[in-house]
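Residue-level listing of the chains:
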Amino acid sequence: MKRLFIAGMIFILFLSLGAVSSSAAGSFTSKTYNGRTYKLYVPSSYQRGAALPLVVMLHGCTQDPDQFAAGTQMNELAETEKFLVLYPEQPSSANSNKCWNWFDTAHQSRGSGEPALIAGMVNQIKSSYSIDADQVFVGGLSAGAAMSVIMGATYPDIFAAISVGAGLEYKAATNVTGAYTAMSSGGPNPIQQGDLAYSAMGDHKRVVPVILFHGTADYTVAPINAHQILSQWAQTNDRASDGLDNNNIDDTADQTATGTVSGGRSYTQYIYKDTAGKTVMEKYMIEGMGHAWSGGSTSGSYTDPKGPNATKLSWNFFKSHPKNGDAPNSGDISPPVTAASPAGGTYGSSVSVSLSTNEPAITYYTLDGSIPTVNSLKYSEPITINSSKTVKFFSVDAAGNQEEVKTEVYQISGTSEKPSVFSSLAAEDGFIGNLSADGMSSSIHKIGDKGMYNTDTYRTILSFDTSSLPDDAIITDVSLKIYRKSSTGNISSLKGDIKSGVFGASSALEQIDYQASPSISAGFQMSVPSLNNGYTTIQLPSSLWGYMNRTGKTQFRLSSSGPADFLSDVVEIYGGGSPAYAPTLTVSYQ
């Protein structure tokens, strides 16, 4: 009983629970397998003989199928996209808080324990319904996410791909004490665990595509676990691809993109491909999100509606990764076509520019004339052009087809605009470490981590004296330019806090600057320059213009969360002491 009580504390969900039911039009009924209950959603369009995909959803602790269905809204999506959804139920008799026992060795292997029960439920549904065996997928939240990792390792012949929401790597723990440790500070070496997962596949070994979601403010399952899951599956899939440990698939992102949910959270998407260029894994790190299903509905429990929609993103990933590898529309080789409206030209006042595509696609753009990449700004709403700008842009569709970069030049002639260019102050900018032992310097400007599974060790302060801005000036544009000095490891983007004033007690660099409260946290993201001595310029959102301090200093704090691995990931930029490459803040006003 003591063991059940302790285990039941793992992944406790603090939101109140209530009985809910699916509002989708299909049937949502209870069934049993080997004495265990599960619920099955069957869309109204289902017809025997026409095989449909099946998605298995594993709930978190204290939840049940009804709660998880309501929170994820997976049934509503299944109704429109035409697939079945299986929700196995973990009873309190198996774990006092209904947690899947992911940390127990009795439930980490093929053919026994809870993995065998879940696989048995899938096989029972296959025998009763017309299911496409190449499109059976599994996902989960929290303890359910940890179990979905186990299902991918132990039954790769059943599950084509997996989705992991705030979970842990394979065999992150093998007892209750180890579970607490893994949740708070990560599990064992992910390369080692990747090899264990590969061994667990046995004769059924194959590459298992993985998509995962984790909040940067998850204090129940620390974000390091997301990075370890990715590294574990990179190792497992690398070996499964050809039986060799040769980095056919690795944990270095091939593409990185940032985005912001309208009215919600910002996030970074990391895409990992094999040597043939096919996406194998994706990782979403959601800024400020806690332990929750990203983008879920408040009608269920333990959800964050402000995050990117993990339900839709998981399904899109699933349907692009059937077990036979022949994804729908895989024959698409035509790049999208993006158009700007209105087109470039000379205008007497500010203009709102829309970028539209002829098919669903992601559009990336720059406003300083530099060549955009997938690390550049991602288009989400019309761009307001208040001053003369060169807009460069391109789009990438779901099949990975990328169009050539296009350019539109906008000349704004009807304003008496005045730009002020400020260089960062050499005596006041520099880096500070998370701990005093991590160091501090006003002559070095580095951002990143020291390795050893740390992710955010060094932050850089850039200080500008903006007191010369007129009190009555109407700001029309603000941009920040930085130059790269060197780079090691894997950092592709930076996030920036802004302070109208100074971060610490004075403008001089000090230890407290690392975590001192900003005026705006993570107000912008910018890509790292691709070459040493190269630069990146970002146009700051108009919501930040009001923080330009007209009576003193305006400071920026740059940071980055690198991958949680043993190696250090650091980018160093030039400071104000290097005139040719000094960071500059350009404020245009009327």
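Because the structure is predicted, anything quoted here is derived from the model rather than measured.

A. Here's a closer look at the overall build of the protein chain. Across its full length, the protein chain carries nine helices and 32 strands. For 590 residues, the compact-globule estimate of 2.2 N^0.38 gives 25 Å, and the protein chain sits close to it at 25 Å. When its C-alpha atoms are laid out on the principal axes, the protein chain stretches across 75 × 55 × 50 Å. Here the protein chain holds 590 residues, and the buried ones make up 55% of them. The positive charge centre, built from 38 side chains, and the negative charge centre, built from 50, are 4 Å apart in the protein chain.

B. Representation of the packing of aromatic side chains. All told, the structure shown has 19 aromatic pairs when counted by the stated rule. Between Tyr267 and Tyr284 the ring centres are 5.8 Å apart and the planes differ by 45 degrees, which places this aromatic pair in the tilted class. In this pair, Tyr267 sits in strand 9 (residues 266-273) while Tyr284 sits in strand 10 (residues 279-286), placing the two residues 17 residues apart along the sequence. Judged by relative accessible area, Tyr267 falls into the buried class, the value being 12%. Assessed through its relative accessible area of 5%, Tyr284 is described here as buried. Members of the aromatic cluster, joined through ring pairs, are Phe83, Phe137, Trp315 and Phe318. Here the guanidinium or amino end of Lys39 rests over the ring plane of Phe28, the centre of that ring lying 4.3 Å away. Lying over the aromatic face of Phe431, Lys446 brings its terminal NZ or CZ to 4.7 Å of the ring centre.

C. Region of the structure containing the domain arrangement of the protein chain. In terms of domains, the protein chain is made up of domain 1 (25-318), domain 2 (336-410) and domain 3 (416-587). For domain 1 and domain 3, the distance between their C-alpha centres works out to 37 Å. Each partner contributes residues to the interface: domain 1 has 13 residues there, and domain 3 has eleven residues. Of the roughly 940 Å² buried at the junction of domain 1 and domain 3 (both faces included), carbon and sulfur atoms supply 45%. The largest share of the area that domain 1 buries against domain 3 comes from Ile224, His227 and Glu287, three residues that together contribute 37% of it. Taken together, the links from domain 1 to domain 3 amount to one salt bridge. A salt bridge links Glu287 to Lys495, with the shortest nitrogen-to-oxygen separation between them at 3.1 Å. At the surface where domain 1 touches domain 3, the tally comes to three residue pairs in polar contact (both at pLDDT 80 or more).

Cut-offs used in this document
Residues numbered from 1 in each chain as written. Predicted model: local features only at pLDDT ≥ 70, side-chain atom pairs only at ≥ 80, totals over all residues. Heavy atoms only, no water. Helix = DSSP H or I, 4+ residues; strand = E, 2+ residues; numbered from the N terminus. Rg over C-alpha atoms; globule rule 2.2 N^0.38 Å. Buried < 20%, exposed > 50% of the residue type's maximum accessible area, 1.4 Å probe, protein only. Lys, Arg positive; Asp, Glu negative; His and termini not counted. Charge placed at Lys NZ, Arg CZ, Asp CG, Glu CD. Phe/Tyr/Trp six-rings, centres within 6.5 Å; stacked < 30°, edge-to-face > 60°. Lys NZ or Arg CZ within 6 Å of the ring centre and 35° of its normal. Domains from an automatic or database assignment. Contact = heavy atoms within 4.5 Å. Buried area = accessible area lost by both parts, 1.4 Å probe. Salt bridge = Lys/Arg side-chain N within 4 Å of Asp/Glu carboxyl O. Polar contact = N/O pair within 3.5 Å; in protein donor to acceptor, adjacent residues only side chain to side chain.

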